[in-house]
Each structure stands twice: as C-alpha cells, then as structure tokens.
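Working through the structure, step by step
Letter by letter, the chains look like this.
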Amino acid sequence: MIHLPKCQTDQLMQLISAHYPSQQILHISDLSNDLHEALYDYTKKRDFEYDLKTVGAEIEDDGFGRDHSGFAASKLDLSAKGYNRYAKMYENIFVTLEPACLESQMDSFFKKSYRIMKNAGIIAVIVQRDAPITKLVKEQLEKDNFVALNTIEIFDGYDVVTAKKMHGWGAYSVGF
C-alpha cells in the first residue's frame, strides 16, 4: 500500500465543499494506497457520510470504521448493473483503481458513476502521472458528458483527474 503524505491528502480534500452539511462521499478503491484513511478522518470530523466500495481487496478488521456512524464499507463488482442499491446520490466520488482494472471497465464505469452523482458533483480519479491511462480517462469522461476536466498535480508520481456532472447533461447517453 502506497502512503500518501497528509499535507497532500489535505490539499485533495479541498475538492469537497466544506460549506454544505451532510454530504455523501463515495470512494471506489482497490486499497492500493491509503486515501481511504484520509477520507475517513475528513468525513468523520465533518459528520459526512462516507461509503467505501472495494474492488478486489478487503479492509483488515482492525477496528477501522467502528467510530464513524456515517461510514459503510462493502465490496463492489465493477461489472454489476449499477453501483448504488439504495438510491443515494453522491456529491463527490473518488476513484483509486489500478490502471488495468479501470481501463477494462472504463466506459461502463463512468456511466454508472454519472448516474449516482448529484448535479454539480465532482469525480476525482487518481492515475499514474504521464501514463497512457491518463489520456484515456480524460477522453472517456468527456465522452460520458462530464465537464470542467482538470488535471491536478498533488501527489508525487500521480495526477488527479477531476470532472463535474452538470445539470443532467447527457442523461440519455448514460442510461436514464
């Protein structure tokens, strides 16, 4: 597991608006880094809901998550028909998946993510810097009607590709 320095994860948390109460945050991860710990601490302090969906990995049962009432962890099958069983809509979705895993499901992954985001929601995908997957992620996000694409260089060796869902644009092309 890659350790992400606290000062850098604190910068990433600035994507989450601190002005609105009771936000819902989703993190889809293979637990290849410790971003889930930073998100856990951030959401616990602000009393936000935090759903961690793991792909091909499990959180070690060392008490993680027991003192945060808004935290839920579960496994996720990327090939599932949808990613949300409870009609919850998320303000922010963070994605930390290995490139091969993300690339194999990319088209359906972003469409399914789009469906569970609130309007003006932000998706943040952490990818290796200068890897071919970075360009593919940007192209697919744009194709799937995300707007305001940006690349942020916060972490050493990794880029954070961010995009917004705006006002239901492209609803028909993502399966509504």
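Scroll up a little and you will see the structure.
Here the structure is a predicted model, which means the values were calculated and not measured. (Residues numbered from 1 in each chain as written. Predicted model: local features only at pLDDT ≥ 70, side-chain atom pairs only at ≥ 80, totals over all residues. Heavy atoms only, no water.)

1. Considering the sheet that holds strand β4 (residues 90–96)
Whenever strands of a sheet pair, they do so through backbone hydrogen bonds, lying parallel or antiparallel. Defined as follows: Here, any two strands with at least 2 DSSP bridges between them count as paired. The secondary structure listing takes helices from DSSP runs of H or I that are at least 4 residues long and strands from runs of E that are at least 2 residues long, numbered from the N terminus. The angle between two axes is taken between their N-to-C directions and runs from 0 to 180 degrees, where each axis is a line fitted to C-alpha atoms and a helix contributes only its stretch in contact.
The seven strands lie next to each other as β3-β2-β1-β4-β5-β7-β6, forming an open sheet whose pairing is mixed. Only two strands of the sheet have a single partner each, and these edge strands are β3 (71–75) and β6 (147–152). The mean angle between the axes of side-by-side strands here comes to 15°, regardless of whether they run parallel or antiparallel.

2. Focus on the nonpolar core
Defined as follows: For the purposes of this section, nonpolar cores are sets of buried Ala, Val, Leu, Ile, Met, Phe, Trp, Tyr and Cys residues that join through side-chain atoms within 4.5 Å. Throughout this description, buried means an accessible area under 20% of the type-specific maximum (1.4 Å probe, protein chains only), exposed means over 50%, and partly exposed covers the range between. The contact criterion used throughout is that any non-hydrogen atoms of two residues lie within 4.5 Å.
Of all hydrophobic cores here, the largest spans 27 residues; its most connected members are Phe109, Phe110, Ile123 and Val137. Tallying contributions element by element places helix α3 (residues 99–115) first for this core, with five residues. With sequence-adjacent residues up to four places away left out, Ile123 is seen in contact with Ile93, Val95, Phe110, Ser113, Met117, Leu141, Phe146, Val161, Thr162 and Ala163. In terms of nonpolar packing, the next biggest core, distinct from the first, is built from 23 residues, Leu12, Leu15, Phe48 and Phe94 among them.

3. Some details on the pairing of strand β7 (residues 158–164)
Most of β7 sits inside the fold, with five of its seven residues counted as buried. Relative to β7, strand β5 (residues 117–128) runs antiparallel, the two sharing seven bridges. Following the sheet pairing, Ile126 is matched in β7 by Val160. Of the strand pairs in this sheet, β6 and β7 are connected by four bridges, and their pairing is antiparallel. Within the sheet, the bridge partner assigned to Ile152 lies in β7 and is Val160.

4. A word on the pattern of salt bridges
Selection criterion: Definition used for salt bridges: Asp or Glu carboxyl oxygen within 4 Å of a side-chain nitrogen of Lys or Arg.
All told, the structure shown has nine salt bridges when counted by the stated rule. The salt bridge partner of Lys6 is Asp10, with a shortest N-O separation of 3.1 Å. Of the two residues, Lys6 and Asp10 both sit in helix α1 (residues 6–12), four residues apart, roughly one turn of that helix. On the basis of relative accessibility, which here comes to 54%, the residue Lys6 falls in the exposed class. Residues Asp51 and Lys88 are paired through a salt bridge, measuring 3.1 Å at the closest nitrogen-oxygen approach. With Asp51 in strand β2 (residues 49–54) and Lys88 in the loop between β3 and β4, this residue pair connects regions lying 37 residues apart in the sequence.

5. Details of the packing of aromatic side chains
Put simply, the rule reads: Paired rings are identified among Phe, Tyr and Trp, the last through its six-membered ring, by centres lying within 6.5 Å, and are further divided according to the angle between planes into stacked (under 30 degrees), edge-to-face (over 60) and tilted (the rest).
Taken as a whole and assessed by the stated rule, the structure comprises six aromatic pairs. Both rings, one in Phe109 and one in Phe110, keep their centres 5.3 Å apart while their planes meet at 75°; by these two values the pair is edge-to-face. When sorted by exposure, Phe109 lands in the same class as Phe110, which is buried. Clustering of aromatic rings is evident, with ring pairs tying together Tyr40, Tyr50 and Phe71.

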